[in-house]
Amino acid sequence: MPNTAQIQLKDAFDPRAFLSQAGAGKTVEKYAKNHKIFSQGDVADAVFFIQKGKVKITVLSEHGKEAVVGIFAAGQFFGEGCLEGEESRATTSQTMEECLITSITKSAMLEALGAEPRFSAFFIAYLLSRNSRIEDDLIDQLFNSSERRLARLLLLLANFGKEGGTPVPVTLSQETLAEMIGTTRSRVSFFMNKFRKKGFIDYNGKIEVHRSLLDAVLHEKPQIDEDE
């Protein structure tokens, strides 16, 4: 997902500072792990910005099946659908670890976007980057094997590809990874064991992703897709 921490706008108004401080229409709260921020069907009246931590976005079908539709990390917005007329939440958001999150009311967000061109540019740049990521995800889902989708997802979650980003452990369960790439847990388990044997990852509760996985994906080595 795109990271607004990488967008630097050098001027008197600092979007990051604005988002890190409580004020009119803004609150900053700490959330424990597995805390629901909003639920599907709740009134959509605020935008959220993650200062620290990760948030999982899920959707529940009318038949009761839950699916993970996104993982958001520090420097990212979520819940901005209210700005374009969304009256109730179409998804549920839940913290995956301890988080520090800024909540901005719809009216305060619209006011800031209208009054501060630098904040508007900051937010638009984020949305454009995220739109590009959504397109990449769709192409990935349509044309790549489930094994390659898993490899790409692990690299993204581990921060590979982010300028200046430091790789971080991936803590998602195999069930969640399977939901996100559209396959079964047994296939994810098979691929994870394969990646570990090839030295692409270490897996002991947390998933440590190595650069060798990125090299294999970039160079399209047949070992990524063999046995598929």
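Just above, that's the structure.
Residues numbered from 1 in each chain as written. Predicted model: local features only at pLDDT ≥ 70, side-chain atom pairs only at ≥ 80, totals over all residues. Heavy atoms only, no water.

A. Highlighting the pattern of salt bridges. A complete count under the given rule lists five salt bridges for this structure. With a shortest N-O distance of 3.8 Å, Arg89 and Glu86 are connected by a salt bridge. Residue Arg89 is classed as buried on the basis of its relative accessible area of 4%. A salt bridge links Lys194 to Glu147, with the shortest nitrogen-to-oxygen separation between them at 2.9 Å. Of the two residues, Lys194 is situated in helix H6 (residues 185–197) and Glu147 in helix H4 (residues 146–157); the sequence distance between them amounts to 47 residues. (Salt bridge = Lys/Arg side-chain N within 4 Å of Asp/Glu carboxyl O. Buried < 20%, exposed > 50% of the residue type's maximum accessible area, 1.4 Å probe, protein only. Helix = DSSP H or I, 4+ residues; strand = E, 2+ residues; numbered from the N terminus.)

B. How the structure looks around the packing of aromatic side chains. The tally for this structure, following the rule as stated, stands at 14 aromatic pairs. Both rings, one in Phe190 and one in Phe191, keep their centres 5.6 Å apart while their planes meet at 65°; by these two values the pair is edge-to-face. Among the aromatic residues, ring-to-ring pairing joins Phe13, Phe18, Phe49, Phe77, Phe119, Phe122, Phe123 and Tyr126 into one connected group. Across from the ring centre of Phe18, 3.7 Å away, lies the NZ or CZ of Lys26, which sits over that ring. Between Arg89 and the ring centre of Phe38, over which it is positioned, the NZ or CZ distance is 4.2 Å. (Phe/Tyr/Trp six-rings, centres within 6.5 Å; stacked < 30°, edge-to-face > 60°. Lys NZ or Arg CZ within 6 Å of the ring centre and 35° of its normal.)

Function cannot be read off these values alone, since they describe shape.
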